[in-house]
Amino acid sequence: MTSSDLHRFGDIGVARRREAPCSRALSPTRLPGLDHALNPYRGCAHACVYCYAPSLTHVPWDEWPEALPKRGLLRLLERELRHAAGTIGVGTVTDPYQPLEAETGLTRGCLELISRSNARACVHTKSDLVLRDADLLRGMEAGVTVTTLDDAVSRKLEPGAPLPGRRLKALQGLAAAGVDAFAMVGPALSCLAGGERELMEAIAAAGVRTVMVDPLNLRPDRRAELEASGLGPASAASLDRLRREASSLGLICRDAF
Ligand code: SF4
C-alpha cells in the first residue's frame with residue numbers, strides 16, 4: 001500500500017459521505033484470545049434485532065444501521081502497528097464487512113497493513129464479502145456467524161445481513177482458500193430447537209473444523225426486542241444438543257466468550 005492509497009482510504013468520501021471521528025485504531029480488549037480490537041466502522045447496516053452494540057458504544061438505536069467509516073483510520077493503524085503484536089480482533093463491536101465495504105475497501109486496507117506487520121487478524125462477520133479478502137486472510141482466522149438456516153427467520157432477525165446460505169458458502173470458500181475459518185452460532189436462539197443436527201451438518205459440510213456456540217451474548221436490553229419476534233435464548237437442552245451434534249460430526253465445539 002502506498003501513501004497515496006492511505007490518503008485515498010483515510011479520506012473516504014469526505015465530500016460526499018459522513019464519517020465517524022477516530023482518535024486511535026486499536027483498542028484494548030478482554031475478549032479471550034485477542035490482544036487488540038479494531039472496528040473500522042461505527043454502526044452496522046445488518047441491524048440485527050438482538051444487537052447490543054449500540055448500548056455498549058452509546059450510539060442511539062435509530063442511528064446504528066447507518067454504518068460510518070472511521071476517519072483517518074488507516075493512517076492511525078499504520079502508526080500503531082509499529083508497536084503492536086499478537087492477535088487483532090477485527091469486528092469485535094461492529095461487523096467489518098458492511099455493504100459499504102464493497103465500495104470503500106476500508107477493512108481490506110486494514111488487513112493489508114496487518115498482513116505486513118508483526119500482528120495477525122481474527123475477523124468476525126456475518127457477510128460473505130469476507131471472501132473477497134481470502135488472499136489476505138490466509139494463515140489468519142475468520143469467523144462467520146450462522147444463527148439459523150431459515151431464511152425467513154434470518155430476514156426477521158438480521159434484516160440487513162446476507163442470508164444463511166451465503167454465509168455457509170463464505171465459510172466454504174474461506175476454508176478452501178486456506179483460511180483458519182470457524183463458524184459462530186451466536187446468539188444461540190430458541191428457534192434452533194429440533195434443528196441442531198441440521199445446523200451442525202451444514203456447518204461441517206462447509207469444511208470448517210471449529211464451531212463456537214455463544215449461549216450468553218444476549219443482553220437484557222435486547223431481550224424484549226427478540227421476544228417481540230417470538231424468540232428467546234436457546235434452552236440449556238438445546239445448547240447441549242448443539243455441542244453434542246457438533247462433536248459427533250468431528251467439529252471442535254467451543255463456547256464463545
Ligand atoms: S452484525 Fe453484529 S454489529 Fe451488526 S447489527 Fe448484527 S449483531 Fe450488531
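About the cut-offs
- Residues numbered from 1 in each chain as written.
- Predicted model: local features only at pLDDT ≥ 70, side-chain atom pairs only at ≥ 80, totals over all residues.
- Heavy atoms only, no water.
- 1 Å grid on protein atoms, 1.4 Å probe; cavity = no way out; pocket = protein on both sides within 12 Å on 5 of 7 lines; lining within 4 Å.
- Points joined across faces, edges and corners; volume = space filled by probe spheres on them.
- Nonpolar A, V, L, I, M, F, W, Y, C, P; charged D, E, K, R; others polar.
- Pairing = 2+ DSSP bridges.
- Helix = DSSP H or I, 4+ residues; strand = E, 2+ residues; numbered from the N terminus.
- Near = heavy atom within 4 Å.
- Expected span 1.5 Å × (residues − 1).
- Contact = heavy atoms within 4.5 Å.

Caption draft 1: Spotlight on the layout of surface pockets. Approximately 340 Å³ is the volume attributed to the second largest pocket. Forming the walls of the second largest pocket are 21 residues, and the residues nearest its centre are Ser 27, Asn 39, Thr 57, Lys 70 and Val 93. Its residues assigned to classes, the lining of the second largest pocket shows eleven nonpolar, seven polar and three charged.

Caption draft 2: Geometry of the sheet that holds strand S6 (residues 119-125). Strand order in the open sheet formed by eight strands is S1-S2-S5-S6-S7-S8-S9-S10, with mixed pairing between adjacent strands. Two strands lie at the open edges of the sheet, namely strand S1 (26-27) and strand S10 (252-255), each paired on one side alone. Bridging between strand S2 (residues 36-38) and strand S5 (residues 86-90) involves three bridges; their strand directions are parallel. Bridging from a neighbouring strand, Ala 37 pairs with Gly 89 of S5.

Caption draft 3: Fine view of the site of the ligand. As a structural note, the neighbourhood of the ligand is formed by Cys 44, His 46, Ala 47, Cys 48, Cys 51, Trp 64, Val 93, Thr 94, Asp 95 and Lys 126. Residue composition of the shell around the ligand, grouped by class: six nonpolar, two polar and two charged.

Caption draft 4: Region of interest: helix H11 (residues 236-248). With 13 residues, H11 ought to run about 18 Å at 1.5 Å a step, and its terminal C-alpha atoms sit 18 Å apart, in line with that. For H11, the secondary structure elements touched by its buried residues are strand S8 (180-185), helix H9 (196-205), strand S9 (210-213) and S10. Phi turns positive, to about 85°, at Gly 250, one or two residues after H11.

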